Amino acid sequence: MSRRRTLGTRKRVALLVSAVAVAGGGAFVMASTSNAAAPQTAAESTVCQGLATALGNNQKFIAGQQAAPDAQSEARIANREAVIAQIERQQEASDCVVGESAQGSQATQPAQATQPAQATQPAQAGQPATSAPAAQPPAAGNGGDTAATGQQVCNGSTVTLSGEDGAPAASSNQFPAGTKLKVTNLDNNKSTTVEVTSVSGSCALLNNAAFEQVREPGKFLIRRAVIEKVG
């Protein structure tokens, strides 16, 4: 009789230990799930912002082709859809919100220095005093094929990558194929000169090879860029 009671007690203890272990395991799984980091948005990460901008540029290009199609639109759209799929894979690998897009991103420009007061010319006898003419800054265009060679264009534009492979090249919505642009990243002083080979949804969009020549490690967006038309 005592033997049965002893076995019964041991069995109850074993069952209780098993239940605690299962409950503890479930609690661990729940804790691990709740502590998993949420994907970052473009507002929280410069990497995610760069990828979102690249995605948005390609989506804008596709929308433009769909709105005004021509004989090559179907092939261009298929190419850009493949690029979008690649960008989304990069978003997932970078812990960004997959599918988030941004268009028309503009870098915040540093404040302009206050202009000094203009010097006043001494008055001649019988003549009123006059101000000296202000010095004129060099011209800098905002883009377009009318810009002169050597002129800075696309003022205020950020630069990102298109996700396309191939030799270093650029695409643009302001310059025709054959135009040569020099893109300088002011954050690392690296520059590249590329030829525009296709149309995109921004002033200057670099393909993967061109972007690698001027990028900072781990970044997909150049906030402080200088773009010049050189040919």
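The structure presented is a predicted model; accordingly, all values stated were derived computationally and were not measured.

Counting residues in each nonpolar core, the largest one holds 32 residues, and the members touching the most others are Val159, Phe175, Leu206 and Ile227. Broken down by secondary-structure element, the contributors of at least two residues to this core are helix 2 (46-67), helix 3 (73-93), strand 6 (180-185), strand 7 (190-198), helix 4 (208-212) and strand 10 (225-229). If you tally residues by element for this core, the top one is helix 2, at six residues. Ignoring anything within four residues of it in the chain, the contact list for Ile227 reads Gln151, Gln152, Val153, Cys154, Val159, Leu181, Lys182, Val183 and Ala204.

A word on the packing of aromatic side chains. Applying the stated rule across the entire model yields zero aromatic pairs. Taking NZ or CZ as reference, Arg80 lies 4.1 Å from the ring centre of Phe61, over its face. Sitting over the ring of Phe220, Arg215 keeps its end group 4.7 Å from the ring centre.

Strand order in the open sheet formed by six strands is 3-10-6-7-5-8, and the pairing between neighbours is mixed. Strands with a single pairing partner mark the edges of an open sheet, and in this sheet they are strand 3 (152-153) and strand 8 (205-206).

This brings us to the environment of Gln65. Structurally, Gln65 can be placed in helix 2. Along the backbone, Gln65 and Ile77 are 12 residues apart, and their C-alpha atoms lie at a distance of 7.2 Å. When sequence neighbours within four positions are dropped, the list of residues in contact with Gln65 reads Asp70, Ser73, Arg76 and Ile77.

Its 21 residues place the ends of helix 3 30 Å apart at the C-alpha level, agreeing with the 30 Å of an ideal helix rising 1.5 Å per residue. Looking at the buried positions of helix 3, the neighbouring elements they touch are helix 2, strand 5 (170-171) and strand 7. Asp95 lies just past helix 3 and shows a positive phi near 60°.

Let's shift gears to the pattern of salt bridges. On inspection of all chains with the given rule, the structure shows four salt bridges. Note that Arg224 is salt-bridged to Asp187, the shortest N-O span being 2.9 Å. Separated by 37 residues along the polypeptide, Arg224 in the loop between strand 9 (221-222) and strand 10 and Asp187 in the loop between strand 6 and strand 7 bring together distant segments of the chain. Owing to a relative accessible area of 35%, Asp187 belongs among the partly exposed residues under this scheme. Taking the shortest distance from any N to any O, the salt bridge between Arg215 and Glu212 comes out at 2.6 Å. Relative accessible area serves as the criterion here: at 14%, Arg215 is assigned to the buried category. Residue Glu212 is classed as partly exposed on the basis of its relative accessible area, which comes to 47%.

Another aspect to go through is the state of the cysteines. Here, disulfide denotes a covalent bond that connects the sulfur atoms of two cysteines. Going through the model one piece at a time under the given rule, you end up with two disulfides. Between Cys48 and Cys96 runs a disulfide, and the two sulfur atoms are separated by 2.1 Å. Residues Cys48 and Cys96 share a disulfide whose torsion about the S-S bond is about -85°; that sign makes it left-handed. Of this pair, Cys48 sits in helix 2 while Cys96 sits in the loop between helix 3 and strand 1 (120-121), placing them 48 residues apart in sequence. For Cys48, a relative accessible area of 1% puts it in the buried group. Since its relative accessible area comes to 4%, Cys96 is described here as buried. One disulfide in the model links Cys154 with Cys203; its S-S distance is 1.4 Å. Taken together, the positions of Cys154 in the loop between strand 3 and strand 4 (159-160) and Cys203 in the loop between strand 7 and strand 8 put the pair 49 residues apart, joining distant regions of the chain.

Let us look at the packing of helix 2 against helix 3. Running from amino to carboxyl end, helix 2 crosses helix 3 at an angle of 160°, the nearest separation of the two axes being 9 Å. Here helix 2 is positioned roughly antiparallel relative to helix 3, judged by the angle of their axes. Helix 3 is crossed by helix 2, and the crossing has left-handed handedness. On helix 3, the residues touching Leu51, Ala52, Ala54, Leu55, Asn58, Gln59, Phe61, Ile62, Gln65 and Gln66 of helix 2 are Ser73, Arg76, Ile77, Arg80, Glu81, Val83, Ile84, Ile87, Glu88, Gln90 and Gln91. Split by residue class, the contact of helix 2 with helix 3 holds 10 nonpolar, seven polar and four charged.

Cut-off values and rules
Residues numbered from 1 in each chain as written. Predicted model: local features only at pLDDT ≥ 70, side-chain atom pairs only at ≥ 80, totals over all residues. Heavy atoms only, no water. Core = buried A, V, L, I, M, F, W, Y, C linked by side-chain atoms within 4.5 Å. Buried < 20%, exposed > 50% of the residue type's maximum accessible area, 1.4 Å probe, protein only. Helix = DSSP H or I, 4+ residues; strand = E, 2+ residues; numbered from the N terminus. Contact = heavy atoms within 4.5 Å. Phe/Tyr/Trp six-rings, centres within 6.5 Å; stacked < 30°, edge-to-face > 60°. Lys NZ or Arg CZ within 6 Å of the ring centre and 35° of its normal. Pairing = 2+ DSSP bridges. Expected span 1.5 Å × (residues − 1). Salt bridge = Lys/Arg side-chain N within 4 Å of Asp/Glu carboxyl O. Disulfide = S-S within 2.5 Å. Axes fitted to C-alpha atoms, helices over the stretch in contact; angles between N-to-C directions. Parallel < 35°, antiparallel > 145°, perpendicular 65-115°, else oblique. Left-handed = near helix turned anticlockwise from the far one by under 90°. Nonpolar A, V, L, I, M, F, W, Y, C, P; charged D, E, K, R; others polar.

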